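Now for the letters of each chain:
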Amino acid sequence: MLLDAGLLLRVQGEELKHGEGETVWERAVARGYATDEGIIKALIARFKVDPADLSSMDIRATTLLPESVARKHQVLPLSADDRSIVLATANPHDLELEETLRFVTGRRVTLRVAAPEAINQKIDEAYRPENAINRLLNGLDPSSVEAIEEVSLAGVQDPALDAPMTRLVDAMISDGVREGASDIHAEPLSDGMSVRYRIDGVLKEVMRLPGSAGPALVRRVKILAKLDVTDPLHPHDGRAGVRVGGKVIDLRIATVPVARRGEKVVIRILDQSNLRANVTDLQLPPQEEELFRKFLGHREGLILVTGPTGSGKTTTLYAVVNELRTGKVNIVTVEDPVEYDIPGISQLQVNEAQGFTFATALRSVLRQDPDILLVGEIRDNETAAIAIQAGLSGHLVLSTLHTNDAPSAVVRLRDLGTDSFKLAAVLKGVVAQRLVRRLCTKCSEPLPVEQLPLEARPSAGRGATPRRAVGCKVCSGSGYKGRVAVLSIMPVDDSVAHLIEAGALPDVLLAKARPLGMRTLWESGLERIWQGVTSLDEVVRVLGERSQEELELTGAGAPTISPGAGPSLVPEAVRAAIVAPSGKTRILVADDDPQMRRLIRSILERDGYEVTEAVDGLDALESVENHPVDLMVMDIDMPRLDGLGVLEELRARVKTSSVPVIVLTARIDETEAQVLELGAQDYLSKPVQPASLQARVKAVLRRTKLS
């Protein structure tokens, strides 16, 4: 058949007839005479069969065909029902095989064509997962992982998988450490178990295991962390210590059940070498390092580091602790969990299950005569109150918050019930932080400044050496190797403290702190771009597109106003609502949180809407009165006039009584009934999900047009 299809020469065909242990197909591919794809196409054309999709195999179908029959005839069950079964084979024209399979399975047989090597691999995955794991291990570098405290494997099920799975987990950890991964994810999927490394903040799949091997991998990792292997229905957290290549590595292990698929495992790799970091090792630009070191000169007060999970806040705080750890001060930390053991300081582990919370730990710590307190995170009003009281009573308190930027930390603490006058007295500075990938020094190329967008170019006379990512063997083709921090540092002097005490909003605090040396995260990111440390694409990936509000603030862009109106004639609060007519559906977003306004604006503008902004309730009413809109998306909690007051005013005025409104809120009380009773068209809970917001907006606009 291969001769007739023109895939082989006659002399090659004669040569391939002689051989043992392999089919003609396998020998032809092994010697380079033909390819699997070419042979499959020839068989499809000749015998009018369909190609097999091995990735869609239903593992339940293997129960209908014994392993011995599958291996003997090189067939793989793909799917089955009560009357028929679909199988993959490399020999679809064998009628005797079809009859045999019909007899063995008791079902009508449909054959699909696939390469014999692919079929054999899938048979291993389905019937003998340990063979598939051994094949993976043969392709990995030898590992040298030694558990610091090994435990017995007694009682572990499936002994055939124990030895290869132990080797696989060891190789996985060793390889992850070598690659510089911060986390290893093992996640059950519908067709197997995916193993991914998080390298420089980005997940990368490194292997795909058979689905039947997933439980064995989870059991082995649980044993390593001394977790309960008999309970797959609840989340578990644990720790383990291993030695990789002679270097001690701490592992934080977390498992969680995934609906209808099994358990997911995440292994956090904690390299003790990170403990050597100090402020100099953060490699900040001179201006930022000078500003940052001024914080360390304080001997009392509160210093905050803000940012999302995984933004390097802990590393920055440990760098500060290492800088202050002189042996002449008493440093105590309260953490959940304690990620690194730091010599020379006292570290307390929060255990909420036993009632040892951040708040109770802080009360105990204050009786230990501390000079410096590190609080892992301020999560609630009680912790915030004790931390602030400690800062006011002569201690230096370092802690973290989850906010998008530095000025928003003030709003967050107010939300937790902190009095503005106490906050103004205790706060010494806030650092907002993100991590961007560092360009690979081996392959990055210079980038002419002229190729940067106008808003990303340095000012005249400012030297810049931007570079672009390329990709090489050293960086595994990504173009990046390692990460560097992007900081926005907000100092708090008397003038900023007065504004905090007066209840100023984040944008006012930002404007006041800029003369003190504060820069936004985007400005800090641009500095890294101009230094050639990272790329513009990477900064956009981490920080998002630069907002028009920031362009106006930093002088990199001009405000958008209607023709004939000069900026000096337009009040700041109204300027964002003045737009030139465009014929698009116009939506007003009213929220006192600038990050939330930017998020909603970007979602709506992607759908083609024209979006304007208002910073509080009175600003929203003024904007709607002067510039009619088709829809308002409004937060319920705003200064000067809240959302309920805005709704009452809108419905009381003839001109605005018909404006449709969608209300946003993080409340979990009777607010929904109240806003709907006052005439709101819809209600959406925070955090806002883009797809849900888009659907609600379209539905409200559609109902409005129909009415």
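Residues take numbers from 1 onward in each chain, read along the sequence in its written order. This being a predicted model, a pLDDT of at least 70 is required before a residue's local features are given, and a value of 80 or more before pairs of side-chain atoms are given or counted; all residues contribute to the totals for chains, interfaces and linings. With hydrogens and water stripped out, all remaining heavy atoms of the structure feed into the side-chain values.

*Asks:* Explanation requested: the sheet that holds strand β15 (residues 372–375) in the structure shown.
*Replies:* Strand pairing in a sheet relies on backbone hydrogen bonds, with the paired strands running either antiparallel or parallel. At least two DSSP bridges between two strands are needed for those strands to be called paired. Helix and strand assignments come from DSSP, with helices taken as H or I runs of at least 4 residues and strands as E runs of at least 2, each series counted from the N terminus. On the basis of which strands lie adjacent, the open sheet formed by seven strands has the order β14-β13-β15-β16-β12-β17-β20 and mixed pairing. In this open sheet, the two edge strands, each paired with only one partner strand, are β14 (346–349) and β20 (480–491). Between one strand and the next, the sheet's axes are offset by a mean angle of 20°, whatever the strand orientation. With 10 bridges joining them, strand β17 (residues 427–439) and β20 adopt antiparallel strand pairing. Note on β20: the bridge partner recorded for V436 is V484. Only C-alpha atoms enter the line fits that serve as axes; for helices the fit covers just the stretch in contact. Angles between N-to-C directions range over 0 to 180 degrees.

*Asks:* Is there a simple way to explain the sheet that holds strand β3 (residues 84–89) in this structure?
*Replies:* The strand order across the open sheet built from four strands is β1-β4-β3-β2, with neighbouring strands paired in mixed fashion. In this open sheet, the two edge strands, each paired with only one partner strand, are β1 (50–51) and β2 (75–80). In the sheet, β1 pairs with strand β4 (residues 108–113) via two bridges, with the strands oriented parallel. Along β4, the bridge assignment pairs P51 with V113. Any two residues whose heavy atoms approach within 4.5 Å at even a single point are treated as in contact. Against the sheet, helix α6 (residues 116–127) touches β2 and β3, its axis set at about 65° to β2.

*Asks:* How should I be thinking about helix α24 (residues 643–652) in this particular structure?
*Replies:* For the α-helix, the turn length of 3.6 residues means that residues three or four positions removed from each other point alike. Partly exposed residues are those whose accessible area sits between 20% and 50% of the maximum for their type, while under 20% is buried and over 50% is exposed, using a 1.4 Å probe and protein chains only. For α24, the complete set of buried residues consists of G643, L644, G645, V646, L647 and L650. Here the buried face of α24 lies against α23 (617–626), β23 (631–635), β24 (661–665) and α25 (671–677).

*Asks:* Would you take a moment to explain the nonpolar core for this structure?
*Replies:* If you look at soluble globular proteins, the nonpolar side chains tend to sit buried side by side. Core analysis: the biggest nonpolar cluster contains 46 residues, and L302, L304, I378, L413, L427, M490 and I500 have the highest contact counts within it. Only buried residues count toward a nonpolar core, which is a set of Ala, Val, Leu, Ile, Met, Phe, Trp, Tyr and Cys residues joined through side-chain atoms within 4.5 Å. Counting 32 residues, the second-largest nonpolar core is a separate cluster that includes M165, M193, L224 and L251.

*Asks:* So what exactly am I meant to see when it comes to the pattern of salt bridges here?
*Replies:* Any two side chains of opposite charge can pair, given that their charged atoms come close. Throughout this description, the term salt bridge denotes a Lys or Arg side-chain nitrogen within 4 Å of a carboxyl oxygen of Asp or Glu. If you walk through the whole model with that rule in mind, you get 26 salt bridges. Residue E538 pairs with R541 through a salt bridge whose shortest N-O separation is 2.8 Å. With E538 and R541 both in helix α19 (residues 536–543) and three residues apart, this pair spans about one turn of that helix. Owing to a relative accessible area of 1%, E538 belongs among the buried residues under this scheme.

*Asks:* Which parts of the structure should I look at to understand the confidence of the model for the protein?
*Replies:* The predicted coordinates should not be examined in detail at positions where pLDDT is low. Each residue carries a pLDDT value, the predictor's own confidence for that position, ranging from 0 to 100. In this model, the protein carries an average pLDDT of 82, and 85% of its residues clear a pLDDT of 70 or more. Counting contacts from residues 150–161, a segment whose pLDDT is below 50, to residues more than four positions away or on other chains yields 19 contacts. Of the regions scoring below 50 in pLDDT, residues 557–582 engages in 35 contacts with residues more than four places distant in sequence or in other chains.

*Asks:* Could you clarify how one ought to interpret the pairing of strand β8 (residues 202–209) in this entry?
*Replies:* One face of the sheet, then the other: side chains in a regular strand alternate in exactly this way. With seven bridges connecting them, strand β7 (residues 192–199) and β8 associate as antiparallel partners. The partner of Y197 across the bridge, within β8, is K204. Two successive antiparallel strands, β7 and β8, enclose a turn made up of two residues, where D200 displays a positive phi of approximately 55°.

*Asks:* Whenever I open this one, the packing of α23 against α24 confuses me. Can you help?
*Replies:* Any two packed helices are characterised by how steeply their axes cross, that is the angle between the axes, and by the distance between the axes. Where α23 contacts α24, the axes come no closer than 9 Å and their chain directions differ by 25°. Classified by the interaxial angle, the pair formed by α23 and α24 is roughly parallel. When the axes of α23 and α24 are compared, the crossing they make is right-handed. Between α23 and α24, the residues in contact are G617, L621 and V624 and V646, E649 and L650, respectively. When an angle is under 35 degrees it counts as roughly parallel; over 145 it counts as roughly antiparallel; between 65 and 115 it counts as roughly perpendicular; any other value is oblique. Each helix crossing is assigned a hand: it is left-handed if the near helix lies turned anticlockwise from the far helix by less than a right angle, otherwise right-handed if that turn is clockwise.

*Asks:* Where do I start with the packing of aromatic side chains in this structure?
*Replies:* Given two aromatic rings, their pairing is described by the distance between the two centres and the angle made by the two planes. The pairing test for Phe, Tyr and Trp rings, Trp by its six-membered ring, is centres within 6.5 Å, and the orientation test on the planes gives stacked under 30 degrees, edge-to-face over 60, and tilted for anything in between. What the rule picks out here adds up to one aromatic pair. With 6.4 Å between their ring centres and 50° between their planes, F292 and F295 make a pair best called tilted. Linking F292 with F295, this pair stays in helix α10 (residues 286–296), spanning three residues, or about one helical turn. By the criterion adopted, a ring carries a charge over it if an Arg CZ or a Lys NZ lies within 6 Å of its centre and within 35 degrees of its normal. Residue placement shows R437 over the ring face of Y480; its charged tip is 4.2 Å from the ring centre.

*Asks:* Could you clarify how one ought to interpret the side chain of S524 in this entry?
*Replies:* As for its position among the elements, S524 is in helix α18 (residues 521–530). Overall, the relative accessible area of 0% leaves S524 in the buried class. If we skip the residues at most four places from it in the chain, S524 touches E288, V486 and L487.

*Asks:* How should unusual backbone geometry be read in this particular structure?
*Replies:* Trans peptide bonds make up most of the peptide bonds, and negative phi angles are found at most residues other than glycine. Even without glycine at this site, Q74 takes up a positive phi of about 55°. One can find Q74 in the loop between α4 (67–73) and β2. Look at Q74 and you get buried, because its relative accessible area is 14%. Phi at K226 is positive, roughly 60°, even though this residue is not glycine. With respect to the secondary-structure elements, K226 resides in the loop between α9 (214–224) and β9 (236–244).

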